[in-house]
Amino acid sequence: LLFNECATWRHNGHMLIKTWFLNNLQHYIGTKLSKNTGFSITSAERYSLALFELSEENNLLVQIEDQTSSMINLIDQSKDFSNLIKDPTVNPDDLSKVVNKIAENNKFEILFKNFLNFLIQKRRFFFIERILKSFIEICSKKRGELKAELKSAKKLSSDEITKIVDELTKNFNSKIKLNYKHDESLIGGLVVQVGSTMVDTSIKNKLQQIENRMIGA
């Protein structure tokens, strides 16, 4: 079973103890979550906060944030993996084998790999995407960033996206953490949301002008 050994292991010059990891993680999220109450946003935040604090404690925050993004992208891009996560009949041991293989191929930190297996053990891997996105949000908030959602009918280049982020940063006077999606179903133009606020017409027009200049170039 995962974490049933007390042997220490070294990573990036830090001695981490598996038992310590388990005890601290359970301290943050509680030893049990009632199956009857479902899995709320607050529940996701408990797990993601545990991952954040453990990552920060071991100076692995940058690495694990990057690996979290990779995991989210994999779930989004692989229908097979997404279906596997949502399948209630899948054997936890089989799921762990898949996750461990992904961790090996992507050179995930041991801390992150163990966290993923911990969720499998607690039968919370079904909610992995929600937990990881919550973790990304915590990282952004700690940096004083605003989360922004951008959708466009036309696929934007990295240069276009950078210009849009710069414009949003200027208008909102804050660092922007942008989540961009190309959505061909849109009739045209841009859909922009910063935090819980839809971007007003004047700012949106400036962003549209950026896009129009790119199209005309």
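Per chain, residues are indexed from 1 in the order of the written sequence. Predicted model: local features are reported for residues with pLDDT of at least 70 only, side-chain atom pairs are reported and counted for 80 or more only, and whole-chain, interface and lining totals are derived from all residues. Side-chain calculation: all heavy atoms of the structure are included, whereas hydrogens and water are not.

A. Geometry of the packing of aromatic side chains. Only rings of Phe, Tyr and Trp enter the pairing, Trp through its six-membered ring, and a pair is recorded when the two centres are within 6.5 Å. The plane angle decides the type: under 30 degrees is stacked, over 60 is edge-to-face, the rest tilted. Scanning all chains against the criterion turns up two aromatic pairs. When the centroid spacing of 5.2 Å and the interplanar angle of 75° are considered together, the rings of F126 and F127 count as edge-to-face.

B. Quick look at the layout of surface pockets. The definitions used throughout rest on a 1 Å grid laid over the protein atoms alone, on which a cavity is an enclosed set of points accommodating a 1.4 Å probe that cannot get out and a pocket is an open set flanked by protein within 12 Å on both sides along at least five of seven lines; lining residues are those having an atom within 4 Å of a point. Grid points are joined across faces, edges and corners, and a volume is the space filled by probe spheres set on the points. Volume-wise, the largest pocket comes out at about 580 Å³. Lining the largest pocket are 18 residues, and of these I72, N73, K133, L178 and N179 lie nearest its centre. Only DSSP runs of H or I covering at least 4 residues are called helices, and only runs of E covering at least 2 are called strands; the numbering of each starts at the N terminus. Within the residue set of the lining of the largest pocket, elements represented by two or more residues are α3 (61-77), α7 (128-142), β3 (145-152) and β4 (175-182). Gly is placed with the polar residues, together with every amino acid not listed as nonpolar (Ala, Val, Leu, Ile, Met, Phe, Trp, Tyr, Cys and Pro) or charged (Asp, Glu, Lys and Arg). A class-by-class count of the residues in the lining of the largest pocket yields five nonpolar, five polar and eight charged. The volume enclosed by the second largest pocket comes to roughly 280 Å³. Lining the second largest pocket are I85, K86, D87, P88, V90, P92, L95, I120, R123, R124, F125 and F126. Broken down by secondary-structure element, the contributors of at least two residues to the lining of the second largest pocket are α4 (79-86) and α5 (92-105).

C. Layout of the confidence of the model for the protein. For every residue, the predictor reports its confidence as pLDDT, a number between 0 and 100. Residues of the protein with pLDDT of at least 70 account for 71%, and the chain-wide mean is 77. Within the protein, strand β1 (residues 8-11) has the poorest average pLDDT of any element, 38, and α5 the best, 94. The contact rule is simple, with two residues in contact once any of their heavy atoms fall within 4.5 Å. In the model, residues 1-20 has pLDDT below 50 throughout and makes 39 contacts with residues more than four positions away in sequence or in other chains. Within the model, the stretch residues 28-37 combines pLDDT values under 50 with 15 contacts to residues more than four positions away or in other chains.

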